[in-house]
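Coordinates in review
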Amino acid sequence: MGMPVRVDVRDRAAGLAAVDRVFAWLRFVDATFSTYDSQSQISRLGRGEMGRSDAHRLVNEVLDRCEELRVATDGAFDVHAPLPGAVDPSGFVKGWAVERAAALLEQGGERHFLIDAGGDVVLRGGPWRVGIRHPRRRDRLAAVLELHDGAVATSGAYERGPHIVDPRTGGPACGAQSVTIVGPDLGTADAYATAAFAMGERGPAWTATVEDHAAMTILPGDRVLATTGFLRHCAGPSIAGSLRAREETH
Amino acid sequence: MDPGARGVKRAVAALVLTAVAVVLLARYETQPPVKPPPPVKIARAPAQKDPHVHTGTGPLLTTPFSSIQVRAELTRGRLTGVETLALTGADAHTAAINARAEPILREEALLAGNAEIDVVSGATYTSESWIESLRAAMKAARRG
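Focus on the overall build of chain A
Within chain A, the regular secondary structure consists of seven helices and nine strands. Counting over 250 residues, chain A shows a buried share of 57%. Taking the contacts inside chain A whose residues are at least 6 apart along the sequence as the reference set, 57% of them involve residues at least 24 apart. Accessible surface computed for chain A: about 10,600 Å², of which carbon and sulfur atoms make up 50%.

Next comes the structure, spelled out in structure tokens:
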């Protein structure tokens, strides 16, 4: 998947078999969905070498869900943008794959774990303390959340990297430095973060309309707009209050 | 959601999609009344008019309990002020609900802090070495 994945299992009886299954699953996802692998099904679909009816059941499941998300985000999340014929569901696949990995661990009896896939996180059986990365100081945090279960996804362009594209203009998305979405499943949270980021200055207002999801947007000029739901998840009375380090030592 | 409230939601969404960004929206919480945060005040207009500052006033939106109208100020395309112009309700019930209303979006300062955490959510810095990240991830996995 092009980024390191870390699995942190806290159960005493944790076995390695479930973790092995997780990594085997992620290798399958990579082989099927990687846009960097010219032989993956998603690449071959993009080139027109195969059709949807020949594709794996899970490829169709992903593309159907991505269409729902395109509608839900008014086109800001679009796997077919910016080039016509393009198929790039990466903004959803990563989170979706990690959610299914979490299900594998639960089937193996694990109840207390987190999976960190390049900064997008699935949590089970907390409380877990989740730091949100500062957009310019890579060793610092902008907020700390306390969550028991759920998903946290962050989209960003910390060094103004143009890798996130606004599907409606075809050019780089400008506007926010980062968008963090908290919700019940990582695939959706991932897509919403990507979409909200692409919306630029309209992003924060859109995030406030999305049900069952909390959001924090860091804008240029270092202004932070957070939904009241997000503030309720903070490990403190406010975002600033959540940053005070714990007094007690272990 | 009854048709009136759905209509209000559509009207609010339409307001958001125009150039005027709505930050303060009335919402009713089932909690003990809390003092709402002070509204962001628009600076009084200076003697010479700043050509970069544009204000827009949204339509008067009516809910079953009150009316709300918001004015937003944009400076060079950035939201620099929001003012609630009207939040009315005739009776004590409405006044009590209005006292509990809180904004759906709240603005805070960006700080750079440190704290004990289990995991960090963030995008990657483009100049971060992939190998460096993998090394750290493997180290964390072995420690656990």
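Considerations on the confidence of the model for chain B
Residue and element names in this part refer to chain B. Taken residue by residue, chain B gives an average pLDDT of 57. The fraction at 70 or more is 20%. Put simply, helix H2 (residues 92-100) is where chain B has its lowest mean pLDDT, 46, and strand E6 (residues 119-121) is where it has its highest, 95. Confidence drops under a pLDDT of 50 for residues 91-100, and excluding neighbours within four residues, the segment shows 19 contacts in the predicted structure. Reported confidences for the modelled complex are a pTM of 0.68 and an ipTM of 0.87.

Topic: the sheet that holds strand E6 (residues 150-156) of chain A
Within a sheet, each strand pairs with its neighbour through backbone hydrogen bonds, oriented either parallel or antiparallel. Across the sheet, which stays open at both edges, the eight strands sit in the order E1(A)-E2(A)-E3(A)-E6(A)-E7(A)-E8(A)-E9(A)-E5(B) with antiparallel pairing between neighbours. The open sheet has two edge strands with one neighbour each: strand E1 (5-9) of chain A together with strand E5 (105-109) of chain B. Shown here is a sheet whose adjacent strand axes are inclined to one another by a mean of 15 degrees, direction ignored. When strand E2 (residues 113-117) of chain A meets strand E3 (residues 120-124) of chain A, the two strands line up antiparallel, connected through five bridges.

Concerning the packing of aromatic side chains
Scanning the entire structure with this criterion turns up four aromatic pairs over all chains. One aromatic cluster is present, built from ring pairs that chain together A:Trp25, A:Phe28, A:Phe33 and A:Trp96.

What to know about the confidence of the model for chain A
With 88% of its residues at a pLDDT of 70 or more, chain A shows a mean pLDDT of 88. Counting contacts from residues 246-250 of chain A, a segment whose pLDDT is below 50, to residues more than four positions away or on other chains yields four contacts.

Concerning the nonpolar core
Residue and element names in this part refer to chain A. Core analysis: the largest hydrophobic core is formed by 56 residues, its most contacted members being Trp25, Phe33, Phe77, Trp96, Leu105 and Ile115. When residues of this core are assigned to their parent elements, the largest contribution, nine residues, is made by helix H4 (residues 90-107). Among all residues touching phenylalanine 77, those that are not within four sequence positions of it are Cys66, Leu69, Arg70, Gly91, Phe92, Ala191, Thr194 and Ala195. Listed in part, the 23 residues of the second largest apolar core include Leu123, Ala142, Leu145 and Phe230.

Each value, and the rule that gives it
- Residues numbered from 1 in each chain as written.
- Chains lettered and ligands numbered in written order.
- Predicted model: local features only at pLDDT ≥ 70, side-chain atom pairs only at ≥ 80, totals over all residues.
- Heavy atoms only, no water.
- Helix = DSSP H or I, 4+ residues; strand = E, 2+ residues; numbered from the N terminus.
- Buried < 20%, exposed > 50% of the residue type's maximum accessible area, 1.4 Å probe, protein only.
- Contact = heavy atoms within 4.5 Å.
- Areas by Shrake-Rupley, 256 points an atom, 1.4 Å probe, with all protein chains shown as cover.
- pLDDT = per-residue confidence, 0-100.
- Pairing = 2+ DSSP bridges.
- Axes fitted to C-alpha atoms, helices over the stretch in contact; angles between N-to-C directions.
- Phe/Tyr/Trp six-rings, centres within 6.5 Å; stacked < 30°, edge-to-face > 60°.
- Core = buried A, V, L, I, M, F, W, Y, C linked by side-chain atoms within 4.5 Å.

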